[in-house]
Structure formats: structure tokens, C-alpha cells
Amino acid sequence: MSDELRARCRALKALVGNTPLLGIRCTWGGRAYTIHAKLETLNPTGSVKDRMALQILEEAIESGAIDEESTIVEATSGNTGIAFASLGRALGLAVRIYMPDWMSRERKQLMASFGADVVDITKDEGGFLGSIRRAREDGASDPHVFLPSQFENPANARAHSQGTGPEILRQLEDQGLRPTGFVAGVGTGGTVMGVAEVFRPMGATVHPLEPSNSPTLRTGHRVGAHRIQGISDEFIPELLRLDELDSIVDVDDGDAILMAQKLSSVLGLGLGISSGANFLGALQVAREQGEGAVVATVFADSNKKYLSTDLFREESIQSDHITPDVELLSFSARRHDPRG
Ligand code: PMP
């Protein structure tokens, strides 16, 4: 095992996680709510996926599955590729990314800027599933290829059972609070499964979220297009075990866009579309739980990778949208103070 790789890994560990927990105060239908959201935009590449990438790389370095000769090959809808491209480069490793060619241009440019080899996969070549197939083929034919396999690697969920979940608990505890619920949009399911491991034994409910206009979790396959990049791909990921979670929460993608726009224009929080969805999902769970609800979620990434998407266009309001009835008031922010 390489001391140099381990030393580089330690340096990265100091940069990833320990993000602030925001307490966002708002009203909805005349009632006051506070939603607790982890500001994952403050990770080195600006998304929650840095946690998963570093956990997988660290465990692979420790087990000897990665050495200096390794090439990291991953299929990804974006943030994962950016995280592996950056962190892999910081470790001195080569990175190849397969991704569907309809993902935003900014994501591809970012990965290429970290020196990664980015390969577009068209719809005809199988889109997302085609990307995964190509990565597996590389893994089977080249012994130097390391496949993080984010959709099935339990280290992905461990990033959240050891990081995100305990961090939220401590940050709530510092305020004299205990969580009653957690909501997260499902990409790989790593976030929601990892946090569930910590929260459910405490009696908190944990809810996977998906776009109402593409209910993959409810149907088992992709039924329609949606605009919440990073969640709800074309299948149910292996890491996700719905029988170990509470009810599925649905959010319309247009509503998610409107809420992400509102969090930005009213509170100055520049967030991606899945963060708007997660906030709306957390609000729905808080309303169901009623008095005393302490519901947490994650703001998975920032607005910067969405400049060419509908996030920066006018979104039309529909009658079932929640966002127009939500008034955002202010937010508190805290990191855990180890001195108590
Ligand atoms: N939001 C965004 C923007 C993402 O990139 C992802 C990860 N694909 C998620 C949410 C979902 O996270 P997870 O993979 O842990 O389910």
C-alpha cells in the first residue's frame, strides 16, 4: 500500500464533509416551519458526492484495490463524475467517465478540466444504462481499472451513515433538538440509506423522494422525462431498500425549480434543482408530522452547473405547485462546535 496515496487521502479528508446545517424558517398555509438542511455545496467540488467519492477511494486504497497505476472508471449523471475527476486527480490517478450526452454542458466541461477522459453515451447507445455497461466492460478487460460502482457499493451509504447522519445529529443536538424525519431525493440512494441507518433506530422517519412526473421508485422503471438532474435515473439502484424506509415523497420538477429559484432570490442561497425538491419534500413531511416536527434534508449541490438549464429560465406556475404558497423568512447556520 502506498504511503503517498494515504497521505494524499488524509489531506482530502480535511476538506470533505463537516458542512453547516441551515435552519430555514418559512411559513406555508399560515403555519410556521423550520427545515434543517445540510449545505453540501461547501464540499470541495460543490456537491454531496464528494463524501461518497472519498469514502470509496479511501476504502479502496486501504484494501489495496487502488494503487498508483489505477484508472478510476465510473458511469455518472454528473456530480459523481466531477467528484471522482477532482479527488482522483488530487490522488494522482487517471479518471474516465461515461455519461449520457443529454446532461448539462457545464458538468462535462468541469470533469474535462480536472483532466478526466469524458465519454458521451447517446440514447441509441443505451443512455444511462449504456454508460454503466461500458464502465463494466472496461473493468472486465483491464486489471488496472477500478470501478467505484456507486449504485451498489456499500461504501457509498457508509459515507452518510458515518458522515452526514451523525453530523446532522450533532448539529441538531447542539440546538437541543432531535430529528423526527429526513427526506432525500434518490440518485444512488446512498444518502437516504446511510442516514436511515442512523435516524430510524432513533424513531425518526426517513423518506426517499422522487419526481412526481417520473415515478421510478413507484413503478420500477423510468416512465417520463423530468428535470431534477442527479435523482431518479432509469432504474431502482441496488443500494436502495424501500422496505427499510418510510413513505415515498413526490415533488413536481417545475415546483422544485421554482423553489430553488426562490431560495436563491429570497434567501441568497444558490442551489441546484434537487435542493429545491428536497426542501419541498421536507416541508411536506413536516406538515404531516405536525407540532414538534424536526425534519432534515440535504442541499446536494449549487446552482452553478445549471446555467444552461430551466433553472435559469422563467418557470410557469401550476395549480398543484406548493412554492407560491411558501414564504421564506430567514435562516440560521451552524457547524458543530466540538467544544460544546
Ligand atoms: N442531488 C444531486 C444534485 C445529485 O447529484 C445526487 C447524486 N446523484 C443526488 C441528489 C442523490 O444522492 P444519492 O446518490 O446519494 O441518492
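Residues numbered from 1 in each chain as written. Predicted model: local features only at pLDDT ≥ 70, side-chain atom pairs only at ≥ 80, totals over all residues. Heavy atoms only, no water.

With that out of the way, let us pick up the domain arrangement of the protein. By domain assignment, the protein separates into domain 1 (3-47 + 157-334) and domain 2 (49-146). Each of domain 1 and domain 2 has a C-alpha centre, and these two points are 24 Å apart. Facing the 38 residues of domain 1 at the interface are 34 residues of domain 2. At the boundary of domain 1 with domain 2, total buried surface from both sides reaches about 3000 Å², with 55% on carbon and sulfur atoms. The largest contributions to the domain 1 side of the interface with domain 2 come from Leu5, Thr45 and Lys305, which together make up 23% of the buried area. There are 6 salt bridges connecting domain 1 and domain 2. Glu58 is the partner of Lys13 in a salt bridge, and the nearest nitrogen-oxygen pair spans 3.2 Å. Where domain 1 packs against domain 2, one counts 16 residue pairs in polar contact (both at pLDDT 80 or more). (Domains from an automatic or database assignment. Contact = heavy atoms within 4.5 Å. Buried area = accessible area lost by both parts, 1.4 Å probe. Salt bridge = Lys/Arg side-chain N within 4 Å of Asp/Glu carboxyl O. Polar contact = N/O pair within 3.5 Å; in protein donor to acceptor, adjacent residues only side chain to side chain.)

Moving on: the site of the ligand. Taken together, 16 residues are adjacent to the ligand, and Lys49, Asn79, Thr188, Thr191 and Ser274 come closest. Here Gly187 contributes a backbone N or O atom positioned 2.8 Å from an oxygen atom of the ligand. Here a nitrogen atom of the ligand and a side-chain polar atom of Ser274 are 2.7 Å apart. The fraction of the free accessible surface of the ligand (390 Å²) that becomes covered by protein chains is 96%. (Near = heavy atom within 4 Å. Areas by Shrake-Rupley, 256 points an atom, 1.4 Å probe, with all protein chains shown as cover.)

Moving on, we come to the sheet that holds strand S9 (residues 249-251). Read from one edge to the other, the open sheet built from 7 strands follows the order S9-S8-S7-S10-S2-S1-S11, with strand pairing classed as mixed. Every interior strand has two partners, whereas the edge strands, S9 and strand S11 (326-334), have only one. When strand polarity is set aside, the average angle formed by the axes of neighbouring strands in this sheet is 30°. Seen against the sheet, helix H9 (residues 253-267) touches strand S1 (21-28), S9, strand S10 (295-299) and S11 and runs at an angle of roughly 60° to S11. (Pairing = 2+ DSSP bridges. Helix = DSSP H or I, 4+ residues; strand = E, 2+ residues; numbered from the N terminus. Axes fitted to C-alpha atoms, helices over the stretch in contact; angles between N-to-C directions.)

For Gln171, the position within the fold is in helix H6 (residues 154-173). In terms of polar contacts, Gln171 uses its side chain to reach the backbone carbonyl oxygen of Arg334, at 3.3 Å. Not counting residues up to four positions away in its chain, the partners in contact with Gln171 are Thr19, Pro20, Leu21, Lys38, Arg334, Arg335 and His336.

Quick look at the pattern of salt bridges now. The full count for this structure, using the stated rule, is 20 salt bridges. For Arg51, the salt bridge identified is with Glu167, shortest N-O distance 2.9 Å. In this pair, Arg51 is assigned in helix H2 (residues 49-63) and Glu167 in helix H6, connecting sequence segments 116 residues apart. Residue Arg51 is classed as buried on the basis of its relative accessible area, which comes to 5%. Residue Lys108 pairs with Asp120 through a salt bridge whose shortest N-O separation is 3.4 Å. With Lys108 in helix H4 (residues 105-113) and Asp120 in strand S5 (residues 117-121), this residue pair connects regions lying 12 residues apart in the sequence. For Lys108, a relative accessible area of 16% puts it in the buried group. For Asp120, a relative accessible area of 39% corresponds to the partly exposed category. (Buried < 20%, exposed > 50% of the residue type's maximum accessible area, 1.4 Å probe, protein only.)

Relative orientation of the contacting elements helix H3 (residues 79-90) and H4 amounts to 15°, with a least axis distance of 8 Å. Taken together, the axis directions place H3 and H4 in an arrangement best described as roughly parallel. The way H3 lies across H4 gives a crossing that is left-handed. Touching Asn79, Gly81, Ile82 and Ala85 of H3 are Arg107, Leu110 and Met111, all from H4. Counted by class, the contact of H3 with H4 contains 4 nonpolar, 2 polar and 1 charged residues. (Parallel < 35°, antiparallel > 145°, perpendicular 65-115°, else oblique. Left-handed = near helix turned anticlockwise from the far one by under 90°. Nonpolar A, V, L, I, M, F, W, Y, C, P; charged D, E, K, R; others polar.)

Moving on, we get to H9. Between the first and last C-alpha of H9 there are 21 Å, a value that for 15 residues agrees with the 21 Å anticipated at 1.5 Å per step. Those residues of H9 lying buried are Asp253, Gly254, Asp255, Ala256, Ile257, Leu258, Met259, Ala260, Lys262, Leu263 and Leu267. A distance of 2.9 Å separates the backbone nitrogen of Gly254 from a side-chain oxygen at the start of H9, and that oxygen is part of Asp252. Just downstream of H9 lies Gly268, where phi reads positive at about 75°. (Expected span 1.5 Å × (residues − 1).)

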